[in-house]
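# Summary of the model geometry
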Amino acid sequence: MSIPDNTKGAIFDLDGTLMDSMWFWSELDGIYLRSKGIMTIPEDYLLEIAHLGSYETAVYTKRRFGIPETPEEMMKEWHSMSIDFYTHKVKLKEGALDYLKLLRGRGIKLAVATANDEDLYIPALKLTGIEGFFDAVVNVSEVERKKGFPDIYLLACERMGVRAEESVVFEDILLGIKGAKAGGFKTVGVYDETSERDAEEIEKEADMFIHSFNELL
């Protein structure tokens, strides 16, 4: 199993794709919501916020659960816990480092397309030892439309200097796969436990589906 031979660019989501980190948001949200008296987290909650930035996540959470604090106050509570995790604890998924090395060895340009803020993804890239692998890093705050659309992946291509049809997008969420395909990208769905309920649909929608990067080595 491998990506097309004519691939010139590869674009990776971070949370749930390259990094084993989506579970952290489940725990963080659970701790936070329980502190507000919300003892059961709906199954679709993580999927709904997976493509959102921090402020949008706070707004959505406040609206959905009736949180009395402002989005800014909510973000401040989440922030210190998140910084600690991404600075000291986050790990890459199995085979991810070796696969990035393989792509670099083939001369393929690499980019990150993430919903995470800079103060989270930069420490995470440093901690996991992959900071120097990427030719471009794009955050959802830099584009008008989010990951249900191709904008973030197109901007990554622009910064890498490659065309969409020469690039492959790796994503663990269905919205990301659909957005990338709408932009003319080849797509690889990456399994993550937090998006398991959509795994069958992701596998159908994506050009390729993997449970581990070892499958591509």
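Our structure is the block above this text.
Since this is a predicted model, take the numbers as computed values, not measurements.

The rules behind each value
- Residues numbered from 1 in each chain as written.
- Predicted model: local features only at pLDDT ≥ 70, side-chain atom pairs only at ≥ 80, totals over all residues.
- Heavy atoms only, no water.
- Helix = DSSP H or I, 4+ residues; strand = E, 2+ residues; numbered from the N terminus.
- Rg over C-alpha atoms; globule rule 2.2 N^0.38 Å.
- Buried < 20%, exposed > 50% of the residue type's maximum accessible area, 1.4 Å probe, protein only.
- Contact = heavy atoms within 4.5 Å.
- Areas by Shrake-Rupley, 256 points an atom, 1.4 Å probe, with all protein chains shown as cover.
- Lys, Arg positive; Asp, Glu negative; His and termini not counted.
- Charge placed at Lys NZ, Arg CZ, Asp CG, Glu CD.
- Polar contact = N/O pair within 3.5 Å; in protein donor to acceptor, adjacent residues only side chain to side chain.
- 1 Å grid on protein atoms, 1.4 Å probe; cavity = no way out; pocket = protein on both sides within 12 Å on 5 of 7 lines; lining within 4 Å.
- Points joined across faces, edges and corners; volume = space filled by probe spheres on them.
- Nonpolar A, V, L, I, M, F, W, Y, C, P; charged D, E, K, R; others polar.
- Phe/Tyr/Trp six-rings, centres within 6.5 Å; stacked < 30°, edge-to-face > 60°.
- Axes fitted to C-alpha atoms, helices over the stretch in contact; angles between N-to-C directions.
- Left-handed = near helix turned anticlockwise from the far one by under 90°.
- Salt bridge = Lys/Arg side-chain N within 4 Å of Asp/Glu carboxyl O.

## Let's talk about the overall build of the protein chain
- Helix and strand content of the protein chain: 9 helices and 6 strands.
- Taken against the 2.2 N^0.38 rule, which gives 17 Å for 217 residues, the C-alpha radius of gyration of the protein chain at 17 Å falls within 12% of a compact globule.
- For the protein chain, the spread of C-alpha atoms along the principal axes amounts to about 50 × 35 × 30 Å.
- Across the 217 residues that make up the protein chain, the buried fraction comes to 53%.
- Sequence separation of at least 24 residues holds for 65% of the intrachain contacts in the protein chain that already meet a minimum separation of 6.
- Carbon together with sulfur atoms contributes 49% to the accessible area of the protein chain, which is approximately 10100 Å² in total.
- Charge-centre separation for the protein chain: the mean point of 25 positive side chains lies 3 Å from the mean point of 40 negative side chains.

## A look at the environment of Phe 85
- Looking at the secondary structure, you find Phe 85 in helix 4 (residues 71-88).
- Since its relative accessible area comes to 3%, Phe 85 is described here as buried.
- Between the C-alpha atom of Phe 85 and that of Asp 29, which follows or precedes it by 56 residues, the distance is 14 Å.
- Not counting residues within four places of it along the chain, the set of residues in contact with Phe 85 comprises Asp 20, Ser 21, Trp 23, Phe 24 and Val 90.

## A word on the side chain of Asn 116
- Within the secondary structure layout, Asn 116 lies in the loop between strand 2 (109-114) and helix 6 (118-127).
- Engagement of the side chain of Asn 116 in a polar contact is seen with the side chain of Tyr 86, the distance being 3.4 Å.
- With residues near it in sequence (within four places) discarded, Asn 116 still touches Asp 15, Trp 25, Tyr 86, Tyr 121 and Asn 139.

## Considerations on the layout of surface pockets
- The calculated volume of the largest pocket comes to roughly 430 Å³.
- Forming the walls of the largest pocket are 26 residues, and the residues nearest its centre are Trp 25, Leu 52, Ser 54, Thr 57 and Asn 116.
- Contributing elements (two or more residues each) for the lining of the largest pocket: helix 1 (22-35), helix 3 (54-65), helix 4 and helix 6.
- The class makeup of the residues in the lining of the largest pocket is 11 nonpolar, 7 polar and 8 charged.
- Considered as a void within the structure, the second largest pocket measures approximately 220 Å³ in volume.
- Lining the second largest pocket we find Asp 20, Met 22, Trp 23, Lys 93, Glu 94, Tyr 191, Asp 192, Glu 193, Thr 194, His 211 and Ser 212.
- Across the lining of the second largest pocket, the residue classes break down as 3 nonpolar, 3 polar and 5 charged.

## With respect to the packing of aromatic side chains
- According to the stated counting rule, one finds 16 aromatic pairs in the structure shown.
- Ring centres of Trp 25 and Tyr 86 lie 6.0 Å apart, and the angle between their planes is 40°; this geometry places the pair in the tilted category. Here Tyr 86 lies in helix 4 and Trp 25 lies in helix 1, a separation of 61 residues in the sequence. Per residue, the accessibility class of Trp 25 equals that of Tyr 86, and both read buried.
- Aromatic pair Tyr 32 and Trp 78: ring centres 5.5 Å apart, planes at 75°, arrangement edge-to-face. You can see Tyr 32 sitting in helix 1 and its partner Trp 78 sitting in helix 4, a full 46 residues away along the chain.

## A short note on the packing of helix 1 against helix 4
- At their nearest, the axes of helix 1 and helix 4 sit 11 Å apart, and the two run at 145° to each other. Once helix 1 is placed against helix 4, the crossing between them reads as right-handed. Taking contact as the criterion, the partners of Trp 23, Phe 24, Trp 25, Leu 28, Ile 31 and Tyr 32 in helix 1 are, on helix 4, Met 74, Glu 77, Trp 78, Met 81, Ser 82, Phe 85 and Tyr 86.
- Here the residues of the contact of helix 1 with helix 4 sort into 11 nonpolar, 1 polar and 1 charged.

## Remarks on the environment of Gly 184
- Relative to the helices and strands, Gly 184 is located in the loop between helix 8 (174-182) and strand 5 (186-190).
- On a C-alpha basis, the gap between Gly 184 and Tyr 153 in space is 10 Å, while along the polypeptide they are 31 residues apart.
- For Gly 184, the residues in contact, after removing those within four places along its chain, are Ala 164 and Glu 165.

## What to know about the pattern of salt bridges
- With the rule as written, the count across this model stands at 16 salt bridges.
- A salt bridge links Glu 171 to Lys 147, with the shortest nitrogen-to-oxygen separation between them at 2.7 Å. Of this pair, Glu 171 sits in strand 4 (residues 167-171) while Lys 147 sits in the loop between strand 3 (136-139) and helix 7 (151-160), placing them 24 residues apart in sequence. Like Lys 147, Glu 171 is buried.

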